Amino acid sequence: MDLNDHPTVKQLRAREAGVDDNTKVRPSLEADWLRQLAMDCGADDAGLIDIDLPALDPQRSEILKHYPWTKTLLSFVVRMSREPVRSPARSVSNLEFHNTGDLVDEVSRHIVRHLEESGIRAVNPAMGFPMEMYQFPGGIWVVSHKPVAVAAGLGHMGIHRNIIHPKFGNFILLGTVLIDAGATEHDAPLDYNPCLECKLCVATCPVGAIAPDGEFNFSACFTHNYREFMGGFTDWVEQVADSKNAMDYRKRISGPETASMWQSLSHSANYKSAYCMAVCPAGEDVIGPYLRDRKAHLQDVVKPLQDKPEPVYVIKGSDADTFVRKKWPNKTVKHVGNALQPRSIPGLLANMPLVFQPNQSRGLNATYHFSFTGDEQREATIIIRDRTLHIQEGLIGSANLHVTADTRTWLGFLAKERNLAWALVRRKIRMKGSPKLLVAFGKCFPSAGVRHEPTEILPQTSTLQREPVLYRQNDAATGKIKWQGTLTVAEIIEVANQVKTFRLVNPTGGKIPFQYLPGQFLTLDIEPRGIPTKRSYTISSTPTWRDRIEITVKREEHGLVSGWLHDELKPGDSLKLLAPNGSFVFAGENQPSIVLIGGGVGMTPLMSVARYLTDSQWPGDIHMLLSFRGTGDYLFREEVASLQSRNPNLKVTATLSNPGDSPWSGPTGRIDKAFLERSIPNPADQHVHLCGPPPMMEAVKAALSELGVPKAQIKTEAFGTIKRDPTAVGARTGAVAGRIQFQRSQVDAAVLEGATILDTADEADVYIDSACRSGTCGLCRVKLLSGKVRMTVEDALTEDEKMDGYILACQAEVETDVEIDV
């Protein structure tokens, strides 16, 4: 029969010609229609993104490899019941995971069926398993659901590396449908992170995989939580195969472990913990009980998981091995393998960041060159420094150790299939440098025992790029996510003696890529003289200027960063920064007037406020009181006069402590009680923002108190606190003030008299994020678990944070032995 005469072909052609009355009308792909379709099929929320969105760069080629026609991705969530997930009986929680996972797959199947009935091609990759196991241990999924959900506005990644939905919290599972059609509009990421930063996920993780600052130990989580999946199953099989007899097997694997593996084989693989999801209180539907009674949440949800006696699966010699033994005496450590053994050099380099153990690398600062020969020829530079790992293609710079190795021999050595001594004697592996460095290198990547001769089946190379997902912190003042990126220096302006304004712009043009409030600061992440350094500077411009942002910096004597900014930075250079930060803000809300008092360069946040209130035509009175040494030190003098002419409510009074011979008709001396009485009407009724050197601020606060201004109406920010050069070591008396236990880093150190916790952390090679080192920026905020400290400056801490036990590591000096959560 001719194909054109076939009944099916004739019926289709008739419909296409409009002959068939039952012709279905294909709906246009309206975005609202697509979202509603997902909801009608059982989803609880949905969003849409375009395949060309930059957020999909790491996985676009993998998606298009399978489905090159993909144009739109429909992301959706299905919520889980919270109490089952929280249950210490993990069989209950796993049932909820698996049932909801099945529902996700069913929802996506119904969506695809409806789209197909409308003549639209679509496909639904699995929520979880099954996956493309021929690519294991590389990227085995067709689509990575989490980045898609973030881009579609369904949530953001929490510290625990799970997506947190603004309403349902992290009690959700994700699905994605790939569609061969465009949509009328797309969704955008949320502009805030629902994560509460409560750190309960950190407190309950059995293996210490989650760090308070958002760092994540993939290997620790994979080995324990996924014990009965993939690599853990492979490890169990190898134990079965390697056992001499039943009695030998029983010594390796206990009866309950065997029963658990049988259960996974029969009823879907079971997660061993997922406690980080169980304890998370974020999300509008979830947070209520936590806010009403936090102690009850800790007692009812968190503590049962912490106190549960259970086996915890770790690789011998790993960070998790040390952590569990120290943190959880009620849990049993079980040494196992995870079968993350690379079988190719690309797989080796891709796997290394996943199995790297930061605490095992403590004290190691070395550069390694690797030259691979034989089956796969490739060169790589691996740098281990400050508990971080960096991998670069090719041989870069000079190396402390150069390893030349036959590819098969090296991979066999890593899998414990080849003997290093044998390989060295036969020159299959050659080294130039100290062998001790190779031993130290191996300690950073512990592997598990003997492996057996495999039937080698290399996985297909995945095009998926494994890039770390960074935790994005909210700014407390704006309630928005802190922006990280690079701005370009457009102009450098002299504004006073040894003071310059640095004007920064968006390198791609247009608006500054973040919002801020007047009085906030930004943090530079730079390397003056090759020294990685963070330093915070107040934003002196106003948020009403959307095309530029400015910081105004005084050159400090011996200042590492200020000297670099003044002497070496030039227009056209780029600055990497984090912004915004800080709570020393005033935008005119809820106050009829404001008093701004600044000393020297402490004027900069007040200038931002004055500019903003003038531009926004705030109707209240602004009393700006300024103190400088001489006329050449008077910042923004001409612009202040211009602001006064534009804003009749702005009243400025400046005093000079040492005018010298310069013409000056204004007040002289320092800001004292008499000066304040003359300049401020009804002082006791005013709200005051005070910024300057600590001695000046203490004197002014005392004078304000004498004038009846309540302490609660005075907000301060310090300038001029001693900022320690990160290359310098401060003078110490040699006397020991106490000892400090860095709990998560598993380090115990003596604290010398005069040293701060941050100083001690630096010397003990324990990482604490920091920038200003003056108690202003708050980046070094850590939780004090026990003991007592004193702090000279604590402006960056809110009252709630102080009550919760947070301290500033750069300011805290110990008065007793202490323990902190770092």
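Everything numeric in this text was worked out from a predicted model, so none of it was measured.

1. Some points on the overall build of the protein chain
Thought 1: Scanning the protein chain for helices and strands turns up 26 helices and 31 strands.
Thought 2: Taking 822 residues into account, the globule formula puts the C-alpha radius of gyration at 28 Å, and the protein chain, at 31 Å, falls close to it.
Thought 3: When the backbone C-alpha atoms are referred to their principal axes, the protein chain occupies close to 105 × 80 × 55 Å.
Thought 4: Here the protein chain holds 822 residues, and the buried ones make up 52% of them.
Thought 5: For the protein chain, the computed accessible surface area is about 37,700 Å², with 51% contributed by carbon and sulfur atoms.
Thought 6: For the protein chain, the centre of its 91 positive side-chain charges and the centre of its 97 negative side-chain charges are spaced 5 Å apart.

2. Things to note about unusual backbone geometry
Thought 1: Cis geometry marks the peptide bond from Phe129 to Pro130; its omega dihedral reads 5°.
Thought 2: Relative to the elements of secondary structure, Pro130 occurs in the loop between β3 (122-123) and α6 (145-151).
Thought 3: Residue Pro137 is reached from Phe136 by a cis peptide bond, and omega for that bond is 5°.
Thought 4: When you line up the elements, Pro137 lands in the loop between β3 and α6.
Thought 5: Look at Asn590: it is not a glycine, yet its phi comes out positive at around 65°.
Thought 6: With respect to the secondary-structure elements, Asn590 resides in the loop between β19 (574-581) and β20 (593-599).

3. What to know about the confidence of the model for the protein chain
Thought 1: Counting all residues, the mean pLDDT for the protein chain is 90, and 94% of those residues have values of 70 or more.
Thought 2: Here residues 19-27 scores under 50 on pLDDT; set against residues more than four positions off or in separate chains, the count is 12 contacts.
Thought 3: Here residues 451-457 scores under 50 on pLDDT; set against residues more than four positions off or in separate chains, the count is 16 contacts.

4. Considerations on the nonpolar core
Thought 1: By size, the foremost hydrophobic cluster in this structure holds 51 residues, and its most contacted members are Leu74, Phe76, Ile111, Leu115, Val177, Ile179 and Val207.
Thought 2: In this structure, Leu340, Leu389, Cys444 and Phe445 belong to the second largest nonpolar core, which totals 34 residues.

5. Quick look at a nonpolar patch on the surface
Thought 1: On the surface, Phe233, Val237 and Leu265 cluster together into a nonpolar patch covering about 250 Å² of accessible area.
Thought 2: By the element assignment, Leu265 lies in helix α11 (residues 255-267).

6. Regarding helix α9 (residues 230-242)
One turn of an α-helix holds 3.6 residues; hence residues three or four places apart share an orientation.
Thought 1: End to end, α9 covers 18 Å across 13 residues, agreeing with the expected 18 Å (1.5 Å per residue, within 8%).
Thought 2: Every buried residue belonging to α9 is among Met230, Gly231, Gly232, Asp235, Trp236, Glu238 and Gln239, and all of these are buried.
Thought 3: The inward-facing, buried residues of α9 contact α8 (218-225), α10 (246-252) and α11.

7. Examining the environment of Lys783
Thought 1: Along the polypeptide, Lys783 turns up in strand β27 (residues 781-786).
Thought 2: In this structure Lys783 touches Asp804, Gly805, Tyr806, Glu819, Ile820 and Asp821, once residues within four positions along its chain are discounted.

8. Some points on the sheet that holds strand β22 (residues 650-656)
The pairing of strands in a sheet comes from backbone hydrogen bonds and takes either a parallel or an antiparallel form.
Thought 1: Pairing in this open sheet of five strands is parallel, and the strands run β22-β21-β20-β23-β24 from one edge to the other. Lying at the two open borders of the sheet, with one neighbouring strand each, are β22 and β24 (714-718). When the angles between neighbouring strand axes are averaged without regard to direction, this sheet yields 10°.
Thought 2: Pairing of strand β23 (residues 688-692) with β24 involves five bridges; the strand directions are parallel. By the bridge assignment for β24, His689 is matched with Lys715.
Thought 3: Lying over the sheet, helix α24 (residues 694-706) contacts β20, β23 and β24, oriented at roughly 155° with respect to β23.

9. Some remarks on α11
Thought 1: Its 13 residues place the ends of α11 18 Å apart at the C-alpha level, agreeing with the 18 Å of an ideal helix rising 1.5 Å per residue.
Thought 2: The complete set of buried residues in α11 reads Glu257, Ser260, Met261 and Ser264. One side of α11 holds all its buried residues, which, seen down the axis, span an arc of 100°. In α11, the exposed residues that point more than 90 degrees away from the buried face are Gly255, Pro256, Trp262 and His267.
Thought 3: Residue Ser268 follows α11 closely and has a positive phi angle near 85°.

10. Points about the pairing of β19
Thought 1: Burial within β19 is extensive, with six of its eight residues counted as buried.
Thought 2: Of the strand pairs in this sheet, strand β14 (residues 483-496) and β19 are connected by six bridges, and their pairing is antiparallel. From the neighbouring strand, Trp483 faces β19, where its bridge partner is Ala579.
Thought 3: The sheet contact formed by strand β16 (residues 521-526) and β19 spans three bridges and is antiparallel. Of the residues in β19, the one forming a bridge with Phe521 is Asn581.

11. Concerning the sheet that holds strand β6 (residues 172-179)
Thought 1: Spatially, the four strands line up as an open sheet ordered β1-β2-β6-β3, and their pairing is antiparallel. Looking at strand neighbours, the two that pair on one side only are β1 (45-50) and β3, the edges of this open sheet.
Thought 2: Where β1 and strand β2 (residues 72-79) come together, six bridges link them in antiparallel fashion. Residue pairing for β2: Ile49 is matched across the bridge by Leu73.
Thought 3: Set on the sheet, helix α2 (residues 31-40) makes contact with β1, β2 and β6; between it and β1 the angle comes to about 140°.
Thought 4: Strands β2, β3 and β6 of the sheet are contacted by helix α5 (residues 90-117), whose axis makes an angle of about 20° with β6.

12. A few points about the pattern of salt bridges
Thought 1: Enumeration over the complete set of coordinates arrives at 44 salt bridges.
Thought 2: One salt bridge in this structure joins Lys65 and Glu62, with 3.4 Å as the shortest N-O distance. In this pair, Lys65 and Glu62 both sit in helix α3 (residues 60-66), three residues apart, roughly one turn of the helix.
Thought 3: On the basis of relative accessible area, Lys65 is assigned to the partly exposed category, the value being 41%.
Thought 4: Salt bridges sharing common partners tie together Glu491, Arg503, Glu550, Arg611 and Glu639.

13. Regarding the side chain of Glu228
Thought 1: Tracing the sequence through the fold places Glu228 in the loop between α8 and α9.
Thought 2: Engagement of the side chain of Glu228 in a polar contact is seen with the side chain of Ser264, the distance being 2.3 Å.
Thought 3: Here the side chain of Glu228 touches Lys272 through a polar contact of 2.6 Å, side chain to side chain.
Thought 4: The contacts of Glu228, once residues within four sequence positions are left out, are Phe233, Ser260, Met261, Ser264, Ala269, Asn270 and Lys272.

14. Considering the packing of aromatic side chains
Describing an aromatic ring pair means giving the distance of the ring centres and the angle of the ring planes.
Thought 1: A full pass over the atoms with the stated rule returns 22 aromatic pairs.
Thought 2: Measuring from ring centre to ring centre gives 5.7 Å for Tyr226 and Tyr271, while their planes differ by 80°; the resulting arrangement is edge-to-face. Residue Tyr226 is located in the loop between α8 and α9, and its partner Tyr271 is located in the loop between α11 and α12 (275-279); the two are separated by 45 residues in the primary sequence.
Thought 3: Of the residues examined, Tyr226 reaches a relative accessible area of 26% and is grouped as partly exposed.
Thought 4: Between the aromatic rings of Tyr634 and Trp664, the centroid separation amounts to 6.4 Å while the plane-to-plane angle is 70°, which identifies the pairing as edge-to-face. With Tyr634 in the loop between β21 (621-628) and α22 (637-646) and Trp664 in the loop between β22 and α23 (673-679), this residue pair connects regions lying 30 residues apart in the sequence.
Thought 5: Overall, the relative accessible area of 9% leaves Tyr634 in the buried class.
Thought 6: The exposure class of Trp664 is partly exposed, given its relative accessible area of 22%.
Thought 7: Members of the aromatic cluster, each reached through a chain of ring pairs, are Phe356, Tyr368, Phe370, Phe372, Trp410, Phe413, Phe441 and Phe445.
Thought 8: Geometry around Trp545 places Arg548 over its ring, the cationic atom sitting 4.1 Å from the centre.
Thought 9: The cationic tip of Arg781 hangs over the ring face of Tyr806; the distance from NZ or CZ to the ring centre is 4.3 Å.

Criteria and cut-off values
- Residues numbered from 1 in each chain as written.
- Predicted model: local features only at pLDDT ≥ 70, side-chain atom pairs only at ≥ 80, totals over all residues.
- Heavy atoms only, no water.
- Helix = DSSP H or I, 4+ residues; strand = E, 2+ residues; numbered from the N terminus.
- Rg over C-alpha atoms; globule rule 2.2 N^0.38 Å.
- Buried < 20%, exposed > 50% of the residue type's maximum accessible area, 1.4 Å probe, protein only.
- Areas by Shrake-Rupley, 256 points an atom, 1.4 Å probe, with all protein chains shown as cover.
- Lys, Arg positive; Asp, Glu negative; His and termini not counted.
- Charge placed at Lys NZ, Arg CZ, Asp CG, Glu CD.
- pLDDT = per-residue confidence, 0-100.
- Contact = heavy atoms within 4.5 Å.
- Core = buried A, V, L, I, M, F, W, Y, C linked by side-chain atoms within 4.5 Å.
- Patch = residues over 30% accessible without salt bridge, like charges linked within 9 Å, V, L, I, M, F, W, Y side chains within 5 Å.
- Salt bridge = Lys/Arg side-chain N within 4 Å of Asp/Glu carboxyl O.
- Expected span 1.5 Å × (residues − 1).
- Pairing = 2+ DSSP bridges.
- Axes fitted to C-alpha atoms, helices over the stretch in contact; angles between N-to-C directions.
- Arc of directions from axis to C-beta.
- Polar contact = N/O pair within 3.5 Å; in protein donor to acceptor, adjacent residues only side chain to side chain.
- Phe/Tyr/Trp six-rings, centres within 6.5 Å; stacked < 30°, edge-to-face > 60°.
- Lys NZ or Arg CZ within 6 Å of the ring centre and 35° of its normal.

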